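# Secondary and tertiary structure notes
Each chain, letter by letter, is given below.
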Amino acid sequence: MERTHSDILVAGGGIAGMIATACFAAAGFETTCIEPQAQAPDEGAADADLRSTAFLEPAIALLKAAGVWERLSPHATDLRIMRLADAGGETNEMREVADFDASTLGQARFGVNLPNVQIRKVLLEHLDTLPGATLLTGRKVVRATARTREMILTLDDGTQHATPLAVAADGRNSFLRQNAGIKARRWDYGQQALVFAVSHPVPHDNVSTEIHRTGGPFTLVPLPDRGGVPHSAVVWMETGPKAAALAALPAEDFNRAATERSCGILGPLELATGRGRWPISSLIAERLDGPRVALVAEAAHVMPPIGAQGLNTSLGDLSDLLGLVAAARDAGQDHGAHQILARYSKGRHGETLARVLGVDALNRAAMAESQGLRDLRRAGLKLLYGLRPLREGAMRAGLGAGRLPDPGA
Ligand SMILES: Cc1cc2nc3c(=O)[nH]c(=O)nc-3n(C[C@H](O)[C@H](O)[C@H](O)COP(=O)(O)OP(=O)(O)OC[C@H]3O[C@@H](n4cnc5c(N)ncnc54)[C@H](O)[C@@H]3O)c2cc1C
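Note that residues are indexed from 1 along each chain, following the sequence as it is written. With the structure being a predicted model, the display of local features is reserved for residues of pLDDT at least 70 and the display and counting of side-chain atom pairs for 80 or more, all residues being used for whole-chain, interface and lining totals.

On to the site of the ligand, then. By nearness alone, 32 residues border the ligand, and Gly-12, Gly-14, Gly-171, Ala-297 and Gly-310 come closest of all. Taken together, the elements giving at least two residues each to the shell around the ligand come down to helix H1 (15-26), strand E3 (31-35), strand E4 (52-56), strand E14 (184-199) and helix H8 (310-330). Of the residues forming the shell around the ligand, the biggest block, four residues, is contributed by H8. Three residue categories are used. Nonpolar comprises Ala, Val, Leu, Ile, Met, Phe, Trp, Tyr, Cys and Pro, charged comprises Asp, Glu, Lys and Arg, and polar comprises the others, including Gly. For the shell around the ligand, a count of residues per class yields 17 nonpolar, ten polar and five charged. Each of two domains, domain 1 (3-73 + 116-186 + 282-369) and domain 2 (78-113 + 191-280), supplies a minimum of three residues to the shell around the ligand. The criterion for a residue being near a molecule or strand is simple: its C-beta atom, placed using the backbone, must lie within 6 Å of it. Helix numbering and strand numbering both begin at the N terminus, where a helix is a DSSP run of H or I of at least 4 residues and a strand a DSSP run of E of at least 2. The domain limits used here are those given by an automatic or database domain assignment.

Only the stretch in contact is used when fitting a helix axis, every axis being a line fitted to C-alpha atoms; angles between N-to-C directions are given from 0 to 180 degrees. Relative to each other, H1 and helix H4 (residues 116-129) sit at 30 degrees, their axes nearing to 10 Å. The orientation of H1 relative to H4 falls into the category roughly parallel. The chirality of how H1 crosses H4 is left-handed. Across the interface between the two elements, Ile-15, Met-18, Ile-19, Thr-21 and Ala-22 of H1 pack against Asn-116, Ile-119, Arg-120, Leu-123, His-126 and Leu-127 of H4. Considered class by class, the residues forming the contact of H1 with H4 number seven nonpolar, three polar and one charged. Roughly parallel refers to an angle under 35 degrees, roughly antiparallel to one over 145, roughly perpendicular to one between 65 and 115, and oblique to any angle outside these ranges. Less than a right angle of anticlockwise turn of the near helix away from the far helix marks a crossing as left-handed, whereas a clockwise turn marks it as right-handed. In this description, a residue-residue contact is defined by the distance between C-beta atoms placed from the backbone, which must lie within 7 Å.

To continue, consider the environment of Asp-334. Structurally, the position occupied by Asp-334 is in the loop between H8 and helix H9 (338-367). A C-alpha to C-alpha distance of 8.5 Å links Asp-334 and Arg-149, two positions 185 residues apart in sequence.

To estimate the expected span of a helix, subtract one from its residue number and multiply by 1.5 Å. Under the 1.5 Å per step criterion, the end-to-end length of H9 is 42 Å for 30 residues, consistent within 8% with the ideal 44 Å. The sharpest bend along H9 comes to roughly 35 degrees, located at Arg-348. To get the bend at a residue, fit one axis to the 7 residues ending there and another to the 7 starting there, then take the angle between the axes.

In this analysis, strands are considered paired if DSSP registers two or more bridges between them. Spatially, E9-E3-E2-E13-E21-E20 is the arrangement adopted by the six strands of the open sheet, whose pairing is mixed. Whereas interior strands pair on both sides, the edge strands pair on one side only; in this sheet they are strand E9 (133-137) and strand E20 (289-290).

Right, here's the structure in full:
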């Protein structure tokens, strides 16, 4: 059977897979991305991805290198302050508030927020015109055979594609990860995230607010105004049955419940989109490499949506992998060789594990039900905020340790 050849094959054209394809193609690799979904649904569609993604500054640098930032930036809202609040007292009121202000690190912003529907649309347009990038939609990988010098991927349409390096961006149930026999530890929290956008009378002022109370955090992330009215994206984490009950409420009752849960900080909230629901779990793969395959993004790690760590960690994977693979090529070496991929896994696994465990701890603290644990959470927030080195360390760690230029350097 005839086979096509690419320098790199990316399995999975979610946001991470499409950004990976753009990065490798922009670096001069002939890159083919395979994605089962035929097209990206619009915001009004029943299966639309209503989430938004906060891209932190190091991730923006990668988007610039991939040549896609110019197309994305018109849809972006700056995030200037990350506000953490504890509302774990007897009443639904904020009893401890800590502002993490980008200006204290000498930065104008932490990052930007973009609606996922818009990100997918822009990435599809970008890949369509990017030399060296090919996107095959409506097809999935059903077989992967690693040979000494190449990986052969067979798709469900029967076609075969060969490459020195397959990048697994095929999500949390990654076929390529399982096919390579790479074990992964996965655990659930019995939580779900309700995601939707709201309008509100009080301007968000480019402040992202995460309010912790039993059940999980409630996060408001700034979106662009629509028709002169302020809007925000919301991620509301709750236990599964409570999330299901909230999703089934009539819009008016839901607006009231969301306003109360937000402690009323932006005034009355009003639904501007439908309500999506995402199960919350964590996953960490035991390693990030296999024969002729590198795991990135949710194929390698999954974490609850707290502190915008998920996709930002994924783009950290991509940045490291791209650096190693391009350096190998420039040195005339086989860019999918075992030693290159082993170096990627060794260099990256520790950071991804630390982030999965760190976010796990934050989520467990946010879920706390007993008053004693809630008071401990409040005390922790107070301590973190009160000590400047600790606060600035936390901000740098959240942005991706070592990836942000030190304004004092
Ligand atoms: C509620 C919520 C809010 C979030 N907010 C943020 C945030 O603000 N900032 C942040 O950094 N992260 C955030 N995240 C995390 C972020 O959304 C995820 O990390 C990201 O969407 C996952 O991207 P992915 O491309 O790895 O996986 P997916 O989006 O799952 O993509 C995997 C793709 O692989 C395809 N696929 C599956 N099987 C195959 C196969 N056999 N062959 C080929 N393709 C295949 C699928 O069709 C899919 O398109 C959030 C997550 C949630 C749940």
